Amino acid sequence: MKVLVIGAGGREHAIAWALRKSSRVTDVVCAPGNGGIASVARCVPASPKDLNDLLRVVNEEAPDLTVVGPELPLSLGFVDELKRRGLAVFGPTRAAAMLETSKAFAKRFMQRHQIPTANYAVCTTRSEALESLHLFHLPVVIKADGLASGKGVLICQTKREADDAIAGLFSGKLLGCAETAVVIEECLSGEEVSFLLLSDGKHVAPLIPAQDHKRLGEGDTGPNTGGMGVYTTDSILDQKMREWVVNHIAQPTIDGIAAEDAPFVGVLYCGLMMTAKGPMVLEYNTRFGDPETQAILVRLESDLIDAIEASVEGRLSETEMRWNAGASACVVAASSGYPGSYTTGHPISGLEAARLPGVEVFHAGTSLVDGVYLTGGGRVLAVTAAAESLRAALDSAYEAMGRIHFEGMYFRRDIGHRALAMR
Ligand code: AMP
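Here we summarise the structure given alongside this text. (Residues numbered from 1 in each chain as written. Predicted model: local features only at pLDDT ≥ 70, side-chain atom pairs only at ≥ 80, totals over all residues. Heavy atoms only, no water.)

Quick notes on helix α2 (residues 51-61)
Of the residues making up α2, those classed as buried are D53, L54, L55, V57, V58 and E61. Where α2 is buried, its residues meet β1 (2-7), β2 (27-32), β3 (42-43), β4 (65-68), α3 (71-75) and α4 (78-84). Measuring from the side-chain oxygen of the N-cap residue of α2 to the backbone nitrogen of N52 gives 3.0 Å; that N-cap residue is D50. (Buried < 20%, exposed > 50% of the residue type's maximum accessible area, 1.4 Å probe, protein only. Helix = DSSP H or I, 4+ residues; strand = E, 2+ residues; numbered from the N terminus. Contact = heavy atoms within 4.5 Å. Polar contact = N/O pair within 3.5 Å; in protein donor to acceptor, adjacent residues only side chain to side chain.)

Rendered as structure tokens:
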């Protein structure tokens, strides 16, 4: 079976790596991929931002199945177009992906379907937003409606900060393009959990829960990033809580979006805050998270392609995903300056020496030039390890990280710190 993976990051490296392990998958192609992905897949040039270019790749490669990594192709209607052509594709349609592509849609959807989430107001003008702001206590969360690569959420401690955030989003000063709607939201507190699941449009198959580290700095300080590290353990959510999340959040979301004529096939990522009042949805993503996917897939014992195929074919209820017991950890090595501006093209050394038992070094942004891996992005590597305990997984990941070097390399040394402190 030939599988085409769309995307170019650590998430796609992990997906391609997991697919490669399947005896049923003979050919993995990644468009466009990156230097590291080329070790597990044939990479072909493509622009994930250009629908026609992606369709060209599908025409040329004629895969048996296409797996979409990032959100942008979903928002362009890539899945809709493949379905129209009768092709097998894993990912939601543009309508179902609105759970991620419009935060205003997602909030109203959750309200319609009684899915727990923070109180909110959707505002379409600056003056309306400033009026609504009075209804909220400080701190308050201001969110851009549209996709913003993790930069569209501002937690404002003062009224002045909130005013500035609203002005900056509507004017386009903050994100580079003017928002037509802004969500004002009650600020929740608690532990955050990433709860991902596969769906075939009706049924859900939860993946193991993960805990992300979004802030750049140690001790969860500094600016938000795409994610600096993540871990999974069997104790992030106990079995009872997982069932609660499935019954009150995951399944109602899948049922709700199906009832709105947009059945969801693919990966649904529920970003949860475990508040004193119970779990609440902070956001939905409609695809595999990055770097959650890396930490989750290293613990998948069963075949990823079986679960993906079952989702695409509407028979997820017949499939069982099996997981290795224990824990995993993923630590991201980033370029100095990220999430702001950074330089690329620096040689990476030590990748061979970092091949330790239980460790996978997924490439988030690299190129391979004349046999040398070069840095090619803000997030460069996702050093991931699975082991019998979180302590052991972290030790392996950091041991491997210590053997890798590139100019300006930065990584957090405290991934998993809260979980270790709770022991
Ligand atoms: P999002 O892109 O919506 O996941 O938001 C990014 C991050 O902002 C989340 O992971 C949370 O840390 C934080 N956040 C989003 N919404 C809220 C909220 N209502 N209360 C507190 N923190 C939030």
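Regarding the sheet that holds strand β7 (residues 140-144)
Pairing is antiparallel in the open sheet, where four strands are placed in the order β6-β9-β7-β8. Of all strands in the sheet, those bounded by a partner on one side alone are β6 (120-123) and β8 (153-156). If you compare each strand with its neighbour and ignore which way they point, the axes differ by 20° on average. Relative to β8, β7 runs antiparallel, the two sharing four bridges. Bridge pairing links V140 to C156 in β8. Contacts from helix α8 (residues 159-171) reach β6, β7, β8 and β9 (182-186), with the element oriented near 5° to β7. (Pairing = 2+ DSSP bridges. Axes fitted to C-alpha atoms, helices over the stretch in contact; angles between N-to-C directions.)

Brief notes about the site of the ligand
Surveying the vicinity of the ligand reveals 14 residues, the closest of which are E185, E186, L188, E192 and E283. Side-chain polar atom of E192 to an oxygen atom of the ligand: 2.4 Å apart, as the coordinates give it. Here an oxygen atom of the ligand sits 2.6 Å away from a polar atom, N or O, in the side chain of E283. Burial of the ligand by the protein amounts to 92% of the accessible area it has alone, namely 470 Å². Secondary-structure elements contributing two or more residues to the shell around the ligand are β7, β8, β9 and β15 (278-285). Taken together, the residues of the shell around the ligand sort by class into seven nonpolar, no polar and seven charged. (Near = heavy atom within 4 Å. Areas by Shrake-Rupley, 256 points an atom, 1.4 Å probe, with all protein chains shown as cover. Nonpolar A, V, L, I, M, F, W, Y, C, P; charged D, E, K, R; others polar.)

Points about the pairing of strand β16 (residues 327-335)
In terms of residue burial, β16 counts as a mostly covered element, since nine of its nine residues are buried. Going residue by residue along β16, you find A327, A329, V331, A333 and S335 tucked away on one face and S328, C330, V332 and A334 tucked away on the opposite face as well. Note: strand β13 (residues 221-233) against β16, five bridges, orientation antiparallel. Residue G229 lies in a different strand from β16, and its bridge partner there is V331. As paired strands, β16 and strand β20 (residues 379-387) are joined by eight bridges and run antiparallel to one another. Its bridge partner being in β20, V331 is matched across the sheet by V383. Here β16 runs beside strand β21 (residues 409-410); their pairing, made up of two bridges, is antiparallel. Residue pairing across strands places A334 opposite Y410, the latter belonging to β21.

Side note on the state of the cysteines
Throughout the structure, instances matching the rule amount to zero disulfides. In this structure C30 is a free cysteine whose sulfur lies 5.2 Å from that of C43, the closest cysteine sulfur available. No disulfide involves C187; its nearest neighbouring cysteine sulfur is the one of C156, lying 9.4 Å away. (Disulfide = S-S within 2.5 Å.)

Topic: the packing of aromatic side chains
In this structure the tally under the stated criterion is five aromatic pairs. Judged by centre distance (6.1 Å) and plane angle (25°), the ring pair of F105 and F109 falls under stacked. Here F105 and its partner F109 are both found in helix α6 (residues 103-112), four residues apart, which amounts to about one turn of the helix. Side by side, F105 and F109 carry an identical accessibility label, which is buried. Residues Y398 and F411 carry aromatic rings whose centres are separated by 6.1 Å and whose planes lie at 40° to one another, so their mutual orientation is tilted. Of this pair, Y398 sits in helix α12 (residues 390-401) while F411 sits in the loop between β21 and α13 (417-422), placing them 13 residues apart in sequence. You'll find Y398 and F411 in the same group, each marked buried. Connected via pairs of aromatic rings, a cluster forms that spans F105, F109 and Y284. (Phe/Tyr/Trp six-rings, centres within 6.5 Å; stacked < 30°, edge-to-face > 60°.)

Side note on the side chain of D290
Looking at where D290 falls in the secondary structure, it is placed in the loop between β15 and α10 (292-297). Given a relative accessible area of 14%, D290 falls into the buried group. Non-local contacts of D290, meaning those with residues more than four positions away in its chain, are made with G9, G10, R11, G226 and R379.

Some points on the sheet that holds strand β10 (residues 191-200)
Sheets are built from strands that pair by backbone hydrogen bonding, the pairs being arranged parallel or antiparallel. Pairing in this open sheet of four strands is antiparallel, and the strands run β11-β10-β14-β15 from one edge to the other. Looking along the sheet, the strands with just one partner apiece sit at the ends: β11 (204-206) and β15. Shown here is a sheet whose adjacent strand axes are inclined to one another by a mean of 35°, direction ignored. Examined bridge by bridge, β10 and strand β14 (residues 265-275) share 10 bridges and lie antiparallel to one another. Bridging across to β14, V193 finds its partner in L272. Contacts from helix α9 (residues 239-259) reach β10, β11, β14 and β15 within the one sheet, and its direction differs from that of β10 by about 55°.

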